[in-house]
Amino acid sequence: MENITNLTNKDYSSYVTQAQTSNLTNQIKKSTSSEATDEEMLAACKEFEAYLVEQVYKQVQSTIKSDSDEDDNPYADYAYDLQAQQYAKLVSDQGKLGLAQQLYESMKKQNAAITPEELHEQEQAAATTQTQNA
């Protein structure tokens, strides 16, 4: 693993965003299977909502940085990223935005409409397509 002092803020943000996206994608894939529990699906939806809120918060924050912030401190940027994550988690946990609940209800309906055989066929087709594209 690289030393954190050699990473620029852009590198760090890109790495964190890729890791979060990958983790979230895996969690959503797992929660959309017919074997997923309601708690797993709701947790994945809340995590997605938090991720979305975090990205919006970071974009807003980047637009209001002052000109004196040109001497960016990577540790301050790291602290701002942590702050954005905590705000986003708080918003998602409170449930006032409602995106996680709507996504959860949609996933639940979709899972009820798909039989296990259909899901297996879809997964096989996706794997075949992915193999052909590689």
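What you are looking at is a predicted structure, and each value in this text was computed from that prediction instead of being measured. (Residues numbered from 1 in each chain as written. Predicted model: local features only at pLDDT ≥ 70, side-chain atom pairs only at ≥ 80, totals over all residues. Heavy atoms only, no water.)

Brief notes about helix α3 (residues 74-94)
Taking 1.5 Å per residue, 21 residues should reach 30 Å; α3 reaches 30 Å between its end C-alpha atoms and fits that length. Residues of α3 that are buried include every one of Asp 77, Asp 81, Ala 84, Ala 88 and Ser 92, and no others. For α3, the arc enclosing every buried residue in end-on projection is 65 degrees, short of the 170-degree limit, so these residues lie on one face. (Helix = DSSP H or I, 4+ residues; strand = E, 2+ residues; numbered from the N terminus. Expected span 1.5 Å × (residues − 1). Buried < 20%, exposed > 50% of the residue type's maximum accessible area, 1.4 Å probe, protein only. Arc of directions from axis to C-beta.)

Re the nonpolar core
In this structure, Ala 36, Met 41, Cys 45, Ala 100, Tyr 104 and Met 107 together form the largest nonpolar core, which totals 6 residues. Listed by contribution, the elements that provide at least two residues to this core are α2 (38-63) and α4 (99-113). Ignoring sequence-local partners within four residues, the contact set of Cys 45 consists of Ala 100, Leu 103, Tyr 104 and Met 107. (Core = buried A, V, L, I, M, F, W, Y, C linked by side-chain atoms within 4.5 Å. Contact = heavy atoms within 4.5 Å.)

Structural notes on the side chain of Ser 92
Mapped onto the secondary structure, Ser 92 falls in helix α3. When sequence neighbours within four positions are dropped, the list of residues in contact with Ser 92 reads Lys 46, Glu 49 and Ala 50.

With respect to a nonpolar patch on the surface
A cluster of nonpolar side chains, Leu 52, Val 56 and Val 60, forms an exposed patch at the surface whose accessible area comes to about 240 Å². Note that Val 60 resides in helix α2. By relative accessible area, which is 47% here, Val 60 ends up partly exposed. (Patch = residues over 30% accessible without salt bridge, like charges linked within 9 Å, V, L, I, M, F, W, Y side chains within 5 Å. Areas by Shrake-Rupley, 256 points an atom, 1.4 Å probe, with all protein chains shown as cover. Salt bridge = Lys/Arg side-chain N within 4 Å of Asp/Glu carboxyl O.)

Comments concerning the pattern of salt bridges
In the structure shown here, the tally under the stated rule is 4 salt bridges. The residue Glu 54 makes a salt bridge to Lys 58 at a minimum N-O spacing of 3.0 Å. Of the two residues, Glu 54 and Lys 58 both sit in helix α2, 4 residues apart, roughly one turn of that helix. In this structure, Glu 54 and Lys 58 share a single accessibility class: buried. Asp 81 is the partner of Lys 58 in a salt bridge, and the nearest nitrogen-oxygen pair spans 3.7 Å.

So, the packing of α2 against α3
Packing of α2 against α3 leaves a shortest axis separation of 8 Å and a crossing angle of 135 degrees. Taken together, α2 and α3 sit at an angle that is classed as oblique. Helix-helix and strand crossings are classified by hand; for α2 and α3 the assignment is right-handed. For the pair α2 and α3, contact is made by Lys 46, Glu 49, Ala 50, Val 53, Glu 54, Tyr 57, Lys 58 and Gln 61 and by Tyr 80, Asp 81, Gln 83, Ala 84, Gln 85, Tyr 87, Ala 88, Lys 89, Val 91, Ser 92 and Asp 93, respectively. Each residue belonging to the contact of α2 with α3 can be placed in one class, and the counts come to 8 nonpolar, 4 polar and 7 charged. (Axes fitted to C-alpha atoms, helices over the stretch in contact; angles between N-to-C directions. Parallel < 35°, antiparallel > 145°, perpendicular 65-115°, else oblique. Left-handed = near helix turned anticlockwise from the far one by under 90°. Nonpolar A, V, L, I, M, F, W, Y, C, P; charged D, E, K, R; others polar.)

Overview of the packing of aromatic side chains
Given two aromatic rings, their pairing is described by the distance between the two centres and the angle made by the two planes. A full pass over the atoms with the stated rule returns 1 aromatic pair. Pairing Tyr 57 with Tyr 87 gives two aromatic rings, centres 5.4 Å apart and planes at 70 degrees, and the pair type is edge-to-face. Of the two residues, Tyr 57 is situated in helix α2 and Tyr 87 in helix α3; the sequence distance between them amounts to 30 residues. (Phe/Tyr/Trp six-rings, centres within 6.5 Å; stacked < 30°, edge-to-face > 60°.)

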